[in-house]
Amino acid sequence: MNQAIFQKYNQTYGVRYTKRQKRRALDAIDADFHVLGYDSTHIKGRFLFTKADNLVCGNLKHAKTIIAVAYDTPQWSLWRYHRFYPFHGNANRYQSVIPMMLCTTLFYAFAILSAQMAGDLIQNEIGALLYLWGILVVTLFFCYFFMHGIANRHNANRYTAGIVAAYEIAAGLSKDQRRKVAFVFLQEGRIDHYGTKVLADELRKQNKNPDVILLSAFARGSVLRMGYKPAAKKAAQGLALACKSKQMELIGYDQAQFRMTIVEQLEKVMVIAAGDLDHKQRLCVSDTASGKDRQINSEYVDTIVDTILRYLRTIHG
């Protein structure tokens, strides 16, 4: 694994949450891929208050295969035992409800406590003023958390490792192979995955239906899995055969299972992720959206890079 690139996107651009942070990270990715010889374009979309800015490195119009990575980072989770499910959108929605309920409970507890203590705190005009200011500050904080969230500060596995892997794959392709492969850095968003819809709309507008390999959170865990939609079964089997150094599970998922995930809008898509199995045998990634997402297993990154390069060289010459 390229340690210099990893440190760059894990520290200098390790937080990609606000509009400014995302723009700076995209500019850095654009510059790095330009050095490798790739041209880039932006695919942007907007719907009401939702915006998305995707970076495309390579020629999307002629691409037979797309390597996709979500470049933005998740919000910090109040819940200590947060889990991320790359293949099960319903489970992710449930995980997002828990910290929201906790935050709501804390807000109501604060409101009740402050109402009970109002008589003791308000003894004079200064006390009343301080009390009102305290109520205002806390209320604004909770409103900010509900509407915007708080950026998570450490995001090595989700999704810095994916950016590093995409860079190394891009560097390993020959000139002829680069004509058939494009790299798309998607804006995942908090819950709407609008960046993927913008990409899907662009592909439909161009009347294109290439294979899409999405690099999810794959850099830590006991199980390496590739999930695919029915339309991508043949490509997924070929990609799994290219994995030599580690056992990769290959599982087909229907459209309903991918509902409310980042790949819901795409058709011929494969998702690579690693983690552990929960009690329902669903792959879950622990310690993301928290301060624990600091380390990755570089061997996983090398495995994914080698596998995808071997596959691309096989199908694109």
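Small disclaimer: the values here were computed from a predicted structure and weren't measured. (Residues numbered from 1 in each chain as written. Predicted model: local features only at pLDDT ≥ 70, side-chain atom pairs only at ≥ 80, totals over all residues. Heavy atoms only, no water.)

Here the focus is the nonpolar core. Within the largest apolar cluster, 89 residues are counted, with the highest numbers of intra-cluster contacts made by Phe183, Phe185, Leu215, Phe218, Ile272 and Ile308. Tallying contributions element by element places helix α5 (residues 156–172) first for this core, with 10 residues. With near-sequence residues (within four places) excluded, Phe218 lies in contact with Asn157, Ala161, Gly162, Ala165, Ile272, Ala273, Ala274, Tyr300, Val301 and Ile304. (Core = buried A, V, L, I, M, F, W, Y, C linked by side-chain atoms within 4.5 Å. Buried < 20%, exposed > 50% of the residue type's maximum accessible area, 1.4 Å probe, protein only. Helix = DSSP H or I, 4+ residues; strand = E, 2+ residues; numbered from the N terminus. Contact = heavy atoms within 4.5 Å.)

Looking now at helix α9 (residues 298–316). The end-to-end C-alpha separation of α9 is 27 Å, in line with the 27 Å expected for 19 residues at 1.5 Å each. Within the span of α9, buried status applies to Tyr300, Val301, Thr303, Ile304, Val305, Thr307, Ile308, Leu309, Tyr311, Leu312 and His316. Just downstream of α9, Gly317 is the residue with a positive phi angle, here 80°. (Expected span 1.5 Å × (residues − 1).)

On to the pairing of strand β2 (residues 50–57). Of all eight residues that make up β2, six are buried, and the element is covered over most of its length. Sheet topology note: the strand β1 (residues 40–47)/β2 ladder contains eight bridges and is antiparallel. In the strand pairing of β2, Lys44 is matched with Asp53. In sequence, β1 turns back onto β2 through a hairpin of two residues, with Leu48 there showing a positive phi of about 55°. Direction of pairing for β2 relative to strand β5 (residues 181–186): antiparallel, over a ladder of three bridges. The residue of β5 that forms the bridge with Val56 is Val184. (Pairing = 2+ DSSP bridges.)

Residue position: Gln187 is located in the loop between β5 and α7 (194–205). Judged by relative accessible area, which is 11%, Gln187 ranks as buried. Polar contacts involving the side chain of Gln187 include one to the main-chain carbonyl oxygen of Lys51, which spans 3.3 Å. Apart from residues lying up to four places away in sequence, Gln187 is in contact with Lys22, Lys51, Ala52, Asp53, Asn54, Tyr71, Asp72 and Gly195. (Polar contact = N/O pair within 3.5 Å; in protein donor to acceptor, adjacent residues only side chain to side chain.)

Within the structure shown, the criterion is met by nine salt bridges. Measuring nitrogen to oxygen at the nearest pair gives 2.9 Å for the salt bridge that ties Lys197 to Asp201. Remark: Asp201 and Lys197 occur in helix α7; sequence separation between them is four residues, near one turn of the helix. Given the relative accessible area of 32%, Lys197 is considered partly exposed. Measuring nitrogen to oxygen at the nearest pair gives 2.9 Å for the salt bridge that ties Arg282 to Asp278. According to the relative accessible area criterion, Asp278 is buried, its value standing at 6%. Residues joined by salt bridges that share partners form a network here, namely Lys197, Asp201 and Arg204. (Salt bridge = Lys/Arg side-chain N within 4 Å of Asp/Glu carboxyl O.)

For any two helices packed against each other, the geometry comes down to the angle between their axes and how far apart the axes lie. Between α5 and α9, the least distance of the axes is 9 Å, while the angle of their chain directions is 40°. Crossing hand, α5 versus α9: right-handed. The segment α5 lies against α9, with Ala161, Ala165, Glu168, Ile169 and Gly172 engaging Val301, Asp302, Val305, Ile308, Leu309, Leu312 and Arg313. Counted by class, the contact of α5 with α9 contains eight nonpolar, one polar and three charged residues. (Axes fitted to C-alpha atoms, helices over the stretch in contact; angles between N-to-C directions. Left-handed = near helix turned anticlockwise from the far one by under 90°. Nonpolar A, V, L, I, M, F, W, Y, C, P; charged D, E, K, R; others polar.)

A contiguous nonpolar patch, built from Leu129, Trp133, Leu136, Val137 and Leu140 and spanning about 520 Å² of accessible area, is present on the exposed surface. Secondary-structure assignment places Leu129 in helix α4 (residues 125–147). (Patch = residues over 30% accessible without salt bridge, like charges linked within 9 Å, V, L, I, M, F, W, Y side chains within 5 Å. Areas by Shrake-Rupley, 256 points an atom, 1.4 Å probe, with all protein chains shown as cover.)

The next thing to look at is unusual backbone geometry. Of note, the amide linkage connecting Arg158 to Tyr159 takes the cis form, showing an omega dihedral of 5°. Here Tyr159 shows up in helix α5. One non-glycine residue with positive phi stands out, namely Met260, at about 65°. Among the secondary structure elements, Met260 is positioned in the loop between β8 (249–252) and β9 (269–277). In this structure, Asp287 takes a positive phi of about 70° despite not being glycine. Its place among the elements puts Asp287 in the loop between β10 (283–286) and α9. For Asp287, a relative accessible area of 29% translates into the label partly exposed.

Before going further, it helps to spend a moment on the packing of helix α1 (residues 3–12) against helix α2 (residues 19–36). Contact geometry of α1 with α2 gives a least axis separation of 11 Å together with a crossing angle of 165°. Compared by their axis directions, α1 and α2 come out roughly antiparallel. Read as a crossing pair, α1 and α2 show a hand that is right-handed. Counting all contacts with α1, which are made through Ile5, Lys8, Tyr9 and Thr12, the residues of α2 involved are Arg24, Ala25, Ala28, Ile29 and Asp32. Looking at side-chain class alone, the contact of α1 with α2 contains five nonpolar, one polar and three charged residues. (Parallel < 35°, antiparallel > 145°, perpendicular 65-115°, else oblique.)

Keep in mind these values describe shape, not function.
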